[in-house]
Protein chains: 2
Amino acid sequence: MKIALDAMGGDYAPAHPVAAAVRALEAFPQISRLVLVGDEDVVKRELARHGAAPCERLHIFHATQVITMTDSAVDAVRRKKDSSLCRAVDLVKEGAVDAVVSAGNTGALVAAATIKLRNLPGVDRAGLACPMPSRSGVWLLLDAGASVDARPDHLLAYGCMGSIYARHILGIPEPRVGLLSVGTEESKGNELTKAAFPLLQKAPIRFIGNVEGHGLFEGAADVVICDGFVGNITLKTAESLAKTTFKWIKEEIQSNPLRMAGALLARGAFQTIKKKTNADEYGGALLLGVNGICVKAHGSSSVHALFNSLRVACESVTRQVNPLIIEALASSSASPS
Amino acid sequence: MKIALDAMGGDYAPAHPVAAAVRALEAFPQISRLVLVGDEDVVKRELARHGAAPCERLHIFHATQVITMTDSAVDAVRRKKDSSLCRAVDLVKEGAVDAVVSAGNTGALVAAATIKLRNLPGVDRAGLACPMPSRSGVWLLLDAGASVDARPDHLLAYGCMGSIYARHILGIPEPRVGLLSVGTEESKGNELTKAAFPLLQKAPIRFIGNVEGHGLFEGAADVVICDGFVGNITLKTAESLAKTTFKWIKEEIQSNPLRMAGALLARGAFQTIKKKTNADEYGGALLLGVNGICVKAHGSSSVHALFNSLRVACESVTRQVNPLIIEALASSSASPS
């Protein structure tokens, strides 16, 4: 399979994307070609730092512009046609690669994918499906921030798409789909969730009703549906709290030599849970609903996070879910309402 | 001061409210009378378990009904006039007590307070102000779930009210007010936050713009404004993740004797941070915007959480913020728009 990586996207570009590409080529033999998209000289210099150079499996696609994190999304996609992000999506559109990974501007990636690749039939808004940790494994948060204002039918489509992702990519046979709300009773919620609830009940998925913030990390549902505003805030709050908690524990431990000795003995426990709660482990969020495979990595992605995003891209190419999504949405909209 | 406590509200009523009342009477000499509202026989029996009985400082106000967690809020307030929750709010209305604390149904407490006490002049919707931990102290989340669908002017009022709470109750001289959103740039947000942003800019508060989920626990703002749907999900997600992280660490430690020995040496560090991230330590959320002092404790409040909610009620009675809120909202609406 062939994958394009936006070499200029994210807070630590090109260093982190290029380092992740070098690692991924070693780890994933199924990648026949990895295309680094960005300024050729800059990318070459960065590759040289790893003793690497363009070759049969590692190409550079030259792009002169960069979309920054503060650029307005739709504007940037229209104006910066030769940006690394746009060119990387173009490669998917042209069929030159099977998937694209970018840690760049989320809005711009969603806009570029929607404008260039178009949505799948039956999809009005794409949604970012972000894997998150639970006690027993992984659950999916959807939409993690692709579109901030959602309609009830968008949440319905997220439910159907997330269910397919969970089944075919995460390997959960009958994924439980929950609607993120402020109480488990059907009557609890805002205007949006109350209108989406009956739609999800009728959908050909295993809808288990509302789930609360309390249940998320205890595995209350396999797929948790919400609008992109709520999803993005939930995602960032959770990531930040997990990091902050470990930082606070570390500071407390370092304030006392006895505690430091104890922590050394117990460090295996910390490492396991720190890894479990570390967003970098879960890789990128797959943009569900567009006609192509686009993976969004965190703007501040580490090399490890980008490496895992490339893994998510490989899995998504292997287990093509788009045909299944088209089928599910067709049967969902055909069902009596 | 006199405080009413809903003895039948919350998942562990009457046991936890009654135990908290007994503790609070010992700890807070400023409470001249604590009124336990609920079934007299039940409350008396519960008091007897603590070797306590009604006395000059500890009254029982008999109420025959109980509003459950699943009751519809407005309906319950209308139908269950002799419920412990309604009667406790009635006591505030009649001036028999200075404040009320309840761990009961959030919607019902908000409805009872709004219907019986009325909103302050200039306030259209009350908001729950919930104290949360940060690196250096405490910040305020507002609205933590009083009303799920907010308008831009509601967020403006939350900003003004939260600023006054932070200054006069938390003791922060110039509280930084942030608007919870999906990016720090003014252009980032949903329809609601984009419309609220310019209103907050013009308000007589120290508005610092948008804040993201990432910054919350690092002290990005002293007051974080959002609608009650987003606030409730943020609150519950954070509480649950903090608890879950410690549970996971504990399980990992207990899987190995060497780790257990180490954890024993380092336990002071855990205890400090576990306490810091424990919602029970922060007490209840003050319902800002109603003409009276109402404190909402968590439905699943421990005795310690209810004890801290009584502490919040005492602080709120001492530092009356309602006159300051009325003044601030009058000057805010009088400012040129």
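Scroll up to find the structure.
Here we summarise the structure given alongside this text.

Conventions adopted
- Residues numbered from 1 in each chain as written.
- Chains lettered and ligands numbered in written order.
- Predicted model: local features only at pLDDT ≥ 70, side-chain atom pairs only at ≥ 80, totals over all residues.
- Heavy atoms only, no water.
- Axes fitted to C-alpha atoms, helices over the stretch in contact; angles between N-to-C directions.
- Helix = DSSP H or I, 4+ residues; strand = E, 2+ residues; numbered from the N terminus.
- Left-handed = near helix turned anticlockwise from the far one by under 90°.
- Contact = heavy atoms within 4.5 Å.
- Parallel < 35°, antiparallel > 145°, perpendicular 65-115°, else oblique.
- Nonpolar A, V, L, I, M, F, W, Y, C, P; charged D, E, K, R; others polar.
- Phe/Tyr/Trp six-rings, centres within 6.5 Å; stacked < 30°, edge-to-face > 60°.
- Buried < 20%, exposed > 50% of the residue type's maximum accessible area, 1.4 Å probe, protein only.
- Lys NZ or Arg CZ within 6 Å of the ring centre and 35° of its normal.
- Buried area = accessible area lost by both parts, 1.4 Å probe.
- Salt bridge = Lys/Arg side-chain N within 4 Å of Asp/Glu carboxyl O.
- Polar contact = N/O pair within 3.5 Å; in protein donor to acceptor, adjacent residues only side chain to side chain.
- Pairing = 2+ DSSP bridges.
- Right-handed = clockwise from strand over helix to strand, strands pointing away.

Packed helix pairs are specified by the crossing angle of their axes together with the interaxial distance, meaning the distance between the axes. All names here are of chain A. At a closest axis distance of 10 Å, the pairing of helix H4 (residues 84-93) and helix H5 (residues 106-117) adopts a crossing angle of 35°. Of the two possible hands of crossing, H4 and H5 adopt the one that is right-handed. Across the interface between the two elements, Leu85, Cys86, Val89, Asp90, Val92 and Lys93 from H4 touch Ala108, Leu109, Ala112, Ala113, Lys116 and Leu117 from H5.

So, on to the packing of helix H1 (residues 15-27) of chain A against helix H11 (residues 303-318) of chain A. Residues and elements named next belong to chain A. The interhelical angle for the contact between H1 and H11, taken along N-to-C directions, is 50°, at an axis separation of 8 Å. With respect to H11, the axis of H1 lies oblique. By crossing handedness, the relation of H1 to H11 is classed as right-handed. Packed against H1, whose contacting residues are His16, Pro17, Ala19, Ala20, Ala21, Arg23, Ala24 and Ala27, the element H11 presents Val303, His304, Leu306, Phe307 and Leu310 at the interface. Along the lines of polarity and charge, the residues of the contact of H1 with H11 split into ten nonpolar, two polar and one charged.

Our focus in this paragraph is the packing of aromatic side chains. All names here are of chain A. Inspection of the entire model under this criterion finds six aromatic pairs over all chains. Look at Phe28 and Phe307: their rings are 5.0 Å apart centre to centre, the planes differ by 20°, and that puts the pair in the stacked class. Note that Phe28 is positioned in the loop between H1 and strand E2 (33-38) and Phe307 in helix H11, a separation of 279 residues in sequence. Across the pair, exposure class does not vary: Phe28 and Phe307 are buried alike. Here the aromatic rings of Trp139 and Phe217 are separated by 5.7 Å at their centres, their planes lie at 75°, and the arrangement is edge-to-face. A residue pair is termed long-range when its members are at least 10 positions apart, and Trp139 in strand E6 (residues 137-142) and Phe217 in the loop between strand E8 (206-211) and strand E9 (223-225) qualify at 78 residues. On the accessibility criterion, Trp139 (1% relative accessible area) is buried. Over the aromatic face of Phe307 sits the side chain of Arg23, whose NZ or CZ is 4.0 Å from the ring centroid.

With that out of the way, let us pick up the interface of chain A and chain B. Across the boundary between the two partners, chain A contributes 58 residues, which contact 58 residues of chain B. Between chain A and chain B lies a buried interface of about 5,100 Å² when both sides are counted; carbon and sulfur atoms form 70% of it. For the chain A face of the interface with chain B, the top three residues by lost area are A:His214, A:Phe229 and A:Trp248, together amounting to 14%. In this assembly, chain A and chain B are joined by four salt bridges. Between B:Lys236 and A:Glu212 there is a salt bridge whose closest N-O contact spans 2.2 Å. The tally of links between chain A and chain B comes to 14 residue pairs in polar contact (both at pLDDT 80 or more). Contributing elements (two or more residues each) for the side of chain A that touches chain B: strand E5 (127-134), helix H7 (191-202), helix H8 (228-254), helix H9 (257-265) and helix H10 (267-276) of chain A. Residue contributions to the side of chain A that touches chain B peak at 22 residues, all from H8(A). Of the residues assigned to the side of chain A that touches chain B, the class counts are 24 nonpolar, 20 polar and 14 charged.

Moving residue by residue along a regular strand, the side chains alternate between the two faces of the sheet. Residues and elements named next belong to chain B. With four of five residues buried, strand E1 (residues 2-6) lies mostly within the body of the structure. Strand direction decides the pairing type here: E1 and strand E2 (residues 33-38), joined by five bridges, are parallel. Within E2, the residue paired with Ile3 across the bridge is Leu34. A crossover links E1 with its parallel partner E2, the connecting element being helix H1 (residues 15-27), and its sense is right-handed. As paired strands, E1 and strand E4 (residues 99-102) are joined by three bridges and run parallel to one another. The residue of E4 that forms the bridge with Ala4 is Val100.

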